[in-house]
Amino acid sequence: MVRFYKNRSIIMVAVAAIIIIVIIALTSMDRGQVSGLESIVGIIIRPATQALTRVVDSIRSSIAGLAEIGSLKNTNQMLNQQLIVLRAQVREIEALRQENQRLREMLDFKNTHPEFDLIGCSIAGKSPDNTSGIFIINKGIENGVLKNMPVVTSRGLVGRVIETANGWAKVLPLNDQRSSVSILVNRTRDTGILKGDISFELTGSISPEAAIVEGDDVVTSGMGGIYPKGLYVGKITGISTGESQLLKTIRVEPAVDFDKLEEVFVLRHVEELPFEGETID
Amino acid sequence: MSWWVIALMLLVNFILQSTVFQYIAIMDIMPDFALVIVVAVSILIGNRRGAVVGATAGIIQDIVYGKPVGITALSYMLAGYIVGEYSGRVFKERLVVPVFFTAGATLLKYFISIFFNYVLGVPTGIPVYIRHYIPVELIYNCAVSALLYRALYLVLNRSTTLPRVRAKKRR
């Protein structure tokens, strides 16, 4: 009897394992929308995680505010010293202002890309898995959020929607190891590929002839069919040539701080162009 | 009763882990509280129920955050089953038991994750796993297990309708 009981347990677990492996295989394929059951789980979980995320964010900002009170005197002294330095930096600021203006123009999608609509979303929760960057947003199919729509903030590109449901959607950020994007170096117009990795850093490869330097701005190239051309990604912070010298490897500092994302925008194409090209796996 | 306790514990943990606990990450790594709970529960309630608890905890996490769905469910289920299978041969009151099982379950979880990433063609970056993710999470999970096991043991053993008792009767 004991042996039967034990064997039955092993068989049950083996059958369950096979079912789960089939689910893994099915869901690893490119699918835009989650199933009805998954959608329901998300609808139950999301309000709680979203409310808690808001509470934690507000607590964090209040703690930051309280900490400042204690150090106001020091801050005042420090600011006086900084004023002298800052005056000398006015020219530099003017240069920065112009750069800022340029970046704003680069990002101003409402004006430069009338074919896009911005859907404002807040982050409802982040993956508990340490090796995954996936997060969920509080807008889904009924708000027009569809698979492969780019996700941005005012600073730049965040990633793309990989699966949607009613009331929520999963977003794969750029720095996740499963993410890749076709890029363009804004100054030299060289194109390349940028990928996330397991350490959540952005590394890419680019033609060895590219006359790029550290500090160059990187934008999306529009190739691949998912991200439109000209979305700001970040700055090049490292360039190295591999042993084979076939490609230059670049490291890019993203404009977006992925750890501090609170509000994001989903870019909706008004004409609903058919998406094609990149796949997740 | 204790099923409800376990379900509630896993649900609350899941919500906390995808929100509040994101901010207590040290070296960008959070302890896997869900795995710690699955291991502790499996020690106390045995293999079959351990597997059910593991699969349930994993599938919820997978549905909301996973791509593809099922990898976490598979690793938690196997962890729950294996831990439950061997729990009958150890002294459940001793703290070294959950710590040891948690370490094993953490390694199993990463093995399954790397395996499926490899099979599905995701760049795995195994050196980073070995250098960073696995050792740091192993230490965190074991520490959390050592801290939480006593409390979980008390909560689950206090219930008179503990599934473990029923399992014994059936045998």
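Residues numbered from 1 in each chain as written. Chains lettered and ligands numbered in written order. Predicted model: local features only at pLDDT ≥ 70, side-chain atom pairs only at ≥ 80, totals over all residues.

### Looking at the overall build of chain B
Piece 1. Scanning chain B from terminus to terminus reveals 7 helices and 0 strands.
Piece 2. Reading the secondary structure of chain B in the N-to-C direction produces α-α-α-α-α-α-α.
Piece 3. By the compact-globule yardstick of 16 Å for 171 residues, chain B fits well, its C-alpha radius of gyration being 16 Å.
Piece 4. Taking the principal axes of its C-alpha atoms as reference, chain B extends roughly 50 × 30 × 30 Å.
Piece 5. Counting only residues that meet the buried cut, chain B has 50% of its 171 residues in that class.
Piece 6. Across chain B, every contact between residues at least 6 apart in sequence was considered, and the portion connecting residues at least 24 apart equals 71%. (Helix = DSSP H or I, 4+ residues; strand = E, 2+ residues; numbered from the N terminus. Rg over C-alpha atoms; globule rule 2.2 N^0.38 Å. Buried ≥ 20, exposed ≤ 12 C-beta atoms within 10 Å, placed from the backbone. Contact = placed C-beta atoms within 7 Å.)

### Here we look at the sheet that holds strand β2 (residues 135-137) of chain A
Strand pairing in a sheet relies on backbone hydrogen bonds. The paired strands run either parallel or antiparallel.
Residues and elements named next belong to chain A.
Piece 1. The antiparallel closed barrel is built from 6 strands, whose spatial order is β1-β2-β5-β4-β3-β12. When the angles between neighbouring strand axes are averaged without regard to direction, this sheet yields 45°.
Piece 2. Bridging between β2 and strand β5 (residues 168-173) involves 3 bridges; their strand directions are antiparallel. Within β5, the residue paired with I136 across the bridge is K170. (Pairing = 2+ DSSP bridges. Axes fitted to C-alpha atoms, helices over the stretch in contact; angles between N-to-C directions.)

### Concerning the nonpolar core
Piece 1. V233(A), I37(B), V38(B), V39(B) and M77(B) are the most contacted members of the largest nonpolar core, which has 98 residues in total.
Piece 2. The element that contributes the greatest number of residues to this core is helix α2 (residues 33-45) of chain B, accounting for 12 residues.
Piece 3. What V39(B) contacts, discounting residues up to four positions off in sequence, is A79(B), V83(B), P98(B), F101(B), T102(B), A105(B) and S145(B). (Core = buried A, V, L, I, M, F, W, Y, C linked by C-beta atoms within 7 Å.)

### Some details on helix α5 (residues 96-119) of chain B
All names here are of chain B.
Piece 1. For α5, with 24 residues, the first-to-last C-alpha span of 35 Å sits near the 34 Å given by 1.5 Å per residue.
Piece 2. Listed as buried for α5 are V97, P98, F101, T102, A105, T106, K109, Y110, S113, F116 and N117.
Piece 3. Within two residues after α5, G121 carries a phi angle of roughly 80°, on the positive side. (Expected span 1.5 Å × (residues − 1).)

### Topic: the interface of chain B and chain A
Piece 1. Every contact between the two is made by 42 residues of chain B and, on the other side, 41 residues of chain A.
Piece 2. Counting residues per element, the ones that place at least two in the side of chain B that touches chain A are α1 (2-17), α3 (47-65), α4 (71-87), α5 and α6 (126-158) of chain B.
Piece 3. Top contributing element to the side of chain B that touches chain A by residue count: α3(B), with 9 residues.
Piece 4. Classifying every residue of the side of chain B that touches chain A gives 27 nonpolar, 11 polar and 4 charged. (Nonpolar A, V, L, I, M, F, W, Y, C, P; charged D, E, K, R; others polar.)

### Observations concerning unusual backbone geometry
Residue and element names in this part refer to chain B.
Piece 1. Put simply, K67 and P68 share a cis peptide bond, and its omega is -5°.
Piece 2. By the element assignment, P68 lies in the loop between α3 and α4.
Piece 3. In this structure, M27 is a non-glycine residue whose phi angle is positive, near 55°.
Piece 4. Position of M27 among the secondary structure elements: in the loop between α1 and α2.
Piece 5. With phi around 65°, D28 is a residue other than glycine that occupies positive phi space.
Piece 6. Relative to the assigned elements, D28 resides in the loop between α1 and α2.

### Things to note about the confidence of the model for chain B
Residue and element names in this part refer to chain B.
Piece 1. Looking at chain B, the pLDDT average stands at 84 and 91% of residues meet or exceed 70.
Piece 2. At the level of individual helices and strands, chain B shows its lowest average pLDDT in helix α7 (residues 163-170), which scores 43, and its highest in α4, which scores 93.
Piece 3. The low-confidence segment residues 160-171, where pLDDT is below 50, has 14 contacts with residues more than four positions distant or belonging to other chains.
Piece 4. With a pTM of 0.74, the predicted complex shows an ipTM of 0.79. (pLDDT = per-residue confidence, 0-100.)

### Side note on the packing of α2(B) against α4(B)
The relative placement of two packed helices comes down to the angle between their axes together with the axis-to-axis distance.
Residue and element names in this part refer to chain B.
Piece 1. Across the interface, α2 lies against α4 with an axial gap of 7 Å and an inter-helix angle of 35°. Once α2 is placed against α4, the crossing between them reads as right-handed. In this structure, α2 contributes L35, V38, V39, S42, I43 and I45 to the contact, and α4 contributes Y76, A79, G80, V83, G84 and S87.
Piece 2. Here the residues of the contact of α2 with α4 sort into 8 nonpolar, 4 polar and no charged. (Left-handed = near helix turned anticlockwise from the far one by under 90°.)

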